[in-house]
Amino acid sequence: MPGVGSERRLSTAEERRDTVLRTALGAFGARGYWGTTTSEVAKSANISQAYVYRLFPDKQSLFVAVVEHCFARIRESLADGVAGARGSSPEAVLDAMGEAYARLIAEERTLLLVQMHAQCAALSEPAVREVVQRGYARTVEYVRGVSGGTPAQVQAFFAKGMLCHLVVAVDADDIDAPWARTLSAGIRHY
């Protein structure tokens, strides 16, 4: 007879869904949309592939949920940046959000990988394209709204973020060459 407090608690569908999302984030980050199978995700999450399909009807739905999760984490990070801004000017708020984002992708590198894979998959997968479009639409409007920045300032913020992705992806800051110094000048990352 089990002792008091040793009763086994089964995880809920929502807990399993979160586990699958976290596991899929790592898998899609490592191998991309086309290189990841639902059976790999299931095995890593210690559940059956059939259970993955109960939670997500297909691999595309799972990937879309992972991309949505990434955009939610980015939004949280940007909000943290806003809260820590050292002023209310568009420049101060945009700078604080950029700093927060740089820290996020340093601490959760898989988010950067999934973003890059999602942008590549968006070229040929309409459902992925739609989730990336929605994610950027919400993020751009959030940045515009909280910063009060002009369209040019908001565009520059996102352009610098994309350049940051490139600098991190190719380790440009560790390369002593004119092209690498040119690309990485003024780019923060950790």
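Anyway, here's the lowdown on the structure attached to this text.

Parameters at a glance
- Residues numbered from 1 in each chain as written.
- Predicted model: local features only at pLDDT ≥ 70, side-chain atom pairs only at ≥ 80, totals over all residues.
- Heavy atoms only, no water.
- Helix = DSSP H or I, 4+ residues; strand = E, 2+ residues; numbered from the N terminus.
- Buried < 20%, exposed > 50% of the residue type's maximum accessible area, 1.4 Å probe, protein only.
- Contact = heavy atoms within 4.5 Å.
- Axes fitted to C-alpha atoms, helices over the stretch in contact; angles between N-to-C directions.
- Parallel < 35°, antiparallel > 145°, perpendicular 65-115°, else oblique.
- Left-handed = near helix turned anticlockwise from the far one by under 90°.
- Phe/Tyr/Trp six-rings, centres within 6.5 Å; stacked < 30°, edge-to-face > 60°.
- Lys NZ or Arg CZ within 6 Å of the ring centre and 35° of its normal.

Here Thr36 shows up in the loop between helix H1 (13-35) and helix H2 (38-45). Its relative accessible area of 1% is what places Thr36 among the buried residues. Beyond its immediate sequence surroundings of up to four residues, Thr36 is in contact with Ala27, Phe28, Arg31, Val41 and Lys59.

Between helix H7 (residues 126-147) and helix H8 (residues 151-169), whose axes approach to 10 Å, the crossing angle comes to 125°. Comparing their axes, H8 and H7 come out oblique. In this structure, H7 crosses over H8, and the sense of that crossing is right-handed. Residue-level inspection shows Tyr136, Thr139, Val140, Val143, Arg144 and Ser147 of H7 in contact with H8, the latter providing Pro151, Val154, Phe157, Phe158 and Met162.

Turning our eyes to something else, we now look at the packing of aromatic side chains. Counted under the stated rule, the structure contains 6 aromatic pairs. Residues Phe71 and Tyr136 carry aromatic rings whose centres are separated by 5.2 Å and whose planes lie at 80° to one another, so their mutual orientation is edge-to-face. Here Phe71 is found in helix H4 (residues 59-83), whereas its partner Tyr136 is found in helix H7, with 65 residues between them in sequence. Just as Phe71 is buried, Tyr136 falls in that class too. Aromatic side chains Phe157 and Phe158 sit 5.4 Å apart centroid to centroid with 85° between the ring planes, which places their arrangement in the edge-to-face category. One aromatic cluster is present, formed by Phe28, Tyr33, Trp34 and Phe63 through successive ring pairs. In this arrangement the basic side chain of Lys59 is found over the ring face of Tyr33, its NZ or CZ atom lying 4.8 Å from the centre. The ring of Tyr142 is capped by Arg75, whose NZ or CZ atom sits 3.6 Å from the centre of that ring.

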